[in-house]
Amino acid sequence: MTHKIVFLDRESLDANVRAPSFPHEYVEHQSTWTPDEIVERLKDADIALINKVPMRADVLKQLPKLKLIAVAATGTDVVDKAQAKAQGIVVSNIRNYAFNTVPEHVIGLIFALRRAIVPYANSVKRGDWNKSQQFCYFDYPIYDVAGSTLGIVGYGALGKSIGKRAEALGMKILPYDVFPQDGLVDFETVLTQSDIITIHVPLTPDTKNLFGAEQFKKMKNSAILINTARGGLVDEAALLEALKSGEIGGAGFDVVAQEPPKDGNILCDADLPNLIVTPHVAWASKQAMQILADQLIDNVENFVAGKPSNVVE
Ligand SMILES: NC(=O)C1=CN([C@@H]2O[C@H](COP(=O)(O)OP(=O)(O)OC[C@H]3O[C@@H](n4cnc5c(N)ncnc54)[C@H](O)[C@@H]3O)[C@@H](O)[C@H]2O)C=CC1
Ligand SMILES: O=C(O)C(=O)CO
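Computed from a predicted structure; not experimentally measured. (Residues numbered from 1 in each chain as written. Chains lettered and ligands numbered in written order. Predicted model: local features only at pLDDT ≥ 70, side-chain atom pairs only at ≥ 80, totals over all residues. Heavy atoms only, no water.)

Moving on, we get to the site of ligand 1. If you check the shell around ligand 1, you find 24 residues, and the closest are Ala157, Leu158, Asp177, Thr228 and Trp283. Take valine 178: an N or O atom from its main chain is 3.4 Å from a nitrogen atom of ligand 1. Here arginine 230 contributes a side-chain N or O atom positioned 3.3 Å from an oxygen atom of ligand 1. Contact with the protein chains hides 83% of the accessible area of ligand 1, taken as 870 Å² for the molecule alone. A breakdown of the residues in the shell around ligand 1 according to their chemical character gives 13 nonpolar, eight polar and three charged. The residue makeup of the shell around ligand 1 includes at least three contributed by each of domain 1 (3-97 + 287-304) and domain 2 (101-277). (Near = heavy atom within 4 Å. Polar contact = N/O pair within 3.5 Å; in protein donor to acceptor, adjacent residues only side chain to side chain. Areas by Shrake-Rupley, 256 points an atom, 1.4 Å probe, with all protein chains shown as cover. Nonpolar A, V, L, I, M, F, W, Y, C, P; charged D, E, K, R; others polar. Domains from an automatic or database assignment.)

Printed below as a string of structure tokens:
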């Protein structure tokens with residue numbers, strides 16, 4: 001049997017995607033967004049490769065031939081998994097490919113925010129240094145990273161990789177997870193004791209808006225929130241308010257609720273010295289993208305061989 005594989009958002013992955021080792025027809029589209037386009041392009045396919053294309057129930061119901069959705073990412077929140085299950089469609093994801101790239105991005109954001117590197121660099125460009133009466137000036141507070149406490153919400157693959165790096169930098173870690181493991185603390189302790197909190201949980205109905213006004217009130221006024229997981233985990237309006245009012249000290253975000261933010265986004269559009277937003281690139285080192293692409297095709301080959309891997313329930 002010849003399988004039909006369709007990659008719907010090929011340009012979202014800057015890596016070599018090898019040809020699977022079984023008889024197949026392969027079609028790729030650089031990007032696909034509308035439900036009609038998705039259905040039209042997948043109607044004869046049994047295997048869909050997607051990164052962030054929304055695979056909602058109304059779309060899946062029109063795809064009776066589809067057997068596998070191989071997601072080119074760890075997060076599978078774009079797929080309606082209940083509907084996929086109801087139709088017998090297997091969903092697979094990529095695991096532990098970002099063990100260097102995401103932790104390095106998180107540590108970079110922590111240093112940038114704790115040491116106010118971006119606002120100081122911007123102040124030099126504005127000419128503030130030229131006008132200074134002293135050899136330096138203290139417009140933005142600077143805090144050491146060493147000796148600070150890092151709360152880690154979601155102590156899975158990425159939470160643990162970041163924890164190891166944080167400890168090597170002299171930070172104390174407070175890991176929290178719903179999956180029981182040694183050394184965990186409760187969510188309340190993370191909120192009240194941390195100088196920095198970094199989020200690494202999947203976006204699910206349980207984790208949506210895990211951080212909002214109530215949580216920001218409990219955090220230290222100097223605390224920094226890092227989110228490289230998913231935009232929907234944080235109430236963005238409440239975050240902006242907490243940053244403006246000084247309820248918390250800063251935020252470093254790689255993800256927002258709607259990506260790309262075609263109609264604007266209150267975090268991307270805000271001009272605050274204590275907020276850094278990057279365009280969902282924490283995963284995107286050259287090395288990590290190639291590991292991901294190789295694992296994506298491993299998942300497809302394993303599925304066709306009758307031994308599906310990285311199946312998401
Ligand atoms: N910005 C980026 O480029 C990237 C973002 N991600 C995001 O990071 C997330 C985490 O990735 P990994 O660490 O590899 O996943 P993982 O599956 O290894 O770890 C997730 C952890 O979250 C825990 N968890 C689930 N629900 C929870 C809850 N309600 N409260 C506390 N803990 C909970 C799980 O028990 C698990 O230990 C992904 O789901 C994805 O959304 C992943 C890679 C790159
Ligand atoms: O792997 C993930 O979940 C990412 O967000 C990268 O696209």
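Let us now look at the environment of glutamate 259. Along the polypeptide, glutamate 259 turns up in the loop between strand S10 (250-253) and helix H11 (266-269). Note on glutamate 259: relative accessible area 29%, which makes it partly exposed. Among residues more than four places away in sequence, those in contact with glutamate 259 are Trp33, Asp254 and His280. Reaching out from glutamate 259, the side chain makes a polar contact with the backbone nitrogen of valine 256 at a distance of 2.9 Å. (Helix = DSSP H or I, 4+ residues; strand = E, 2+ residues; numbered from the N terminus. Buried < 20%, exposed > 50% of the residue type's maximum accessible area, 1.4 Å probe, protein only. Contact = heavy atoms within 4.5 Å.)

Time to look at the site of ligand 2. All residues adjacent to ligand 2 are Asn51, Lys52, Ala73, Thr74, Gly75, Tyr97, Arg230, His280 and Trp283. Between threonine 74 and ligand 2, the recorded distance is 2.8 Å, taken from a backbone N or O atom to an oxygen atom. In this structure, an oxygen atom belonging to ligand 2 sits 2.8 Å away from a side-chain N or O atom of arginine 230. Relative to its free-state accessible area of 230 Å², ligand 2 is covered by the protein chains to the extent of 91%. Its residues placed into classes, the shell around ligand 2 shows three nonpolar, four polar and two charged.

Let us now look at the packing of aromatic side chains. Counted under the stated rule, the structure contains four aromatic pairs. Ring-pair connections join several aromatic residues into one group, and the members of that group are Tyr120, Tyr137 and Tyr140. The ring of tyrosine 155 has lysine 160 sitting right over it, with the charged end atom 4.9 Å from the ring centre. (Phe/Tyr/Trp six-rings, centres within 6.5 Å; stacked < 30°, edge-to-face > 60°. Lys NZ or Arg CZ within 6 Å of the ring centre and 35° of its normal.)

Turning our eyes to something else, we now look at the UniProt feature "domain: D-isomer specific 2-hydroxyacid dehydrogenase NAD-binding" (unreviewed entry) in the protein. Listed under "domain: D-isomer specific 2-hydroxyacid dehydrogenase NAD-binding" (unreviewed entry) in the UniProt record, and renumbered for this structure, are residues 107-282. When the span residues 107-282 is considered, its composition is 35% helix and 14% strand, and the gap between its end C-alpha atoms is 11 Å. (UniProt positions renumbered as here; feature names shortened; annotations may be inferred.)

Here lysine 4 lies in strand S1 (residues 3-7). Here lysine 4 occupies a buried position and makes no salt bridge, while the nearest side chain of opposite charge, glutamate 25, is found at 4.1 Å. With residues near it in sequence (within four places) discarded, lysine 4 still touches Glu25, Val27, Asp44, Ala45, Asp46 and Ile47. (Lys, Arg positive; Asp, Glu negative; His and termini not counted. Salt bridge = Lys/Arg side-chain N within 4 Å of Asp/Glu carboxyl O.)

Glancing now at the environment of alanine 70. Along the chain, the position of alanine 70 falls in strand S4 (residues 68-71). Looking at alanine 70, the relative accessible area reads 0%, which means it is buried. Considered as a pair, alanine 70 and asparagine 227 are 157 residues apart in the sequence and their alpha carbons are 25 Å apart.

So, about helix H4 (residues 101-114). Here H4 is 14 residues long and its end C-alpha atoms lie 20 Å apart, about the 20 Å a rise of 1.5 Å per residue gives. In terms of burial, H4 is a largely internal element, 11 of the 14 residues being buried. Looking only at H4, the buried set comprises Thr101, Val102, Pro103, His105, Val106, Ile107, Leu109, Ile110, Ala112, Leu113 and Arg114. Within two residues after H4, alanine 116 carries a phi angle of roughly 50 degrees, on the positive side. (Expected span 1.5 Å × (residues − 1).)

On to the domain arrangement of the protein, then. Think of interface size as the accessible area that goes away when the parts come together; that is how it is often given. As assigned here, the protein comprises domain 1 (3-97 + 287-304) and domain 2 (101-277). Its C-alpha centre places domain 1 at a distance of 32 Å from the equivalent point of domain 2. Interface of domain 1 and domain 2: buried area, both sides summed, is about 500 Å²; carbon and sulfur atoms make up 55% of it. Of all residues in domain 1, Trp33, Asp77 and Asn96 bury the most surface against domain 2, accounting for 65% of the area lost on that side. Our count for the domain 1 to domain 2 interface comes out at one salt bridge. Arginine 230 serves as the salt-bridge partner of aspartate 77, at 2.9 Å between the closest nitrogen and oxygen. When its residues are assigned to classes, the side of domain 1 that touches domain 2 shows two nonpolar, two polar and two charged. (Buried area = accessible area lost by both parts, 1.4 Å probe.)

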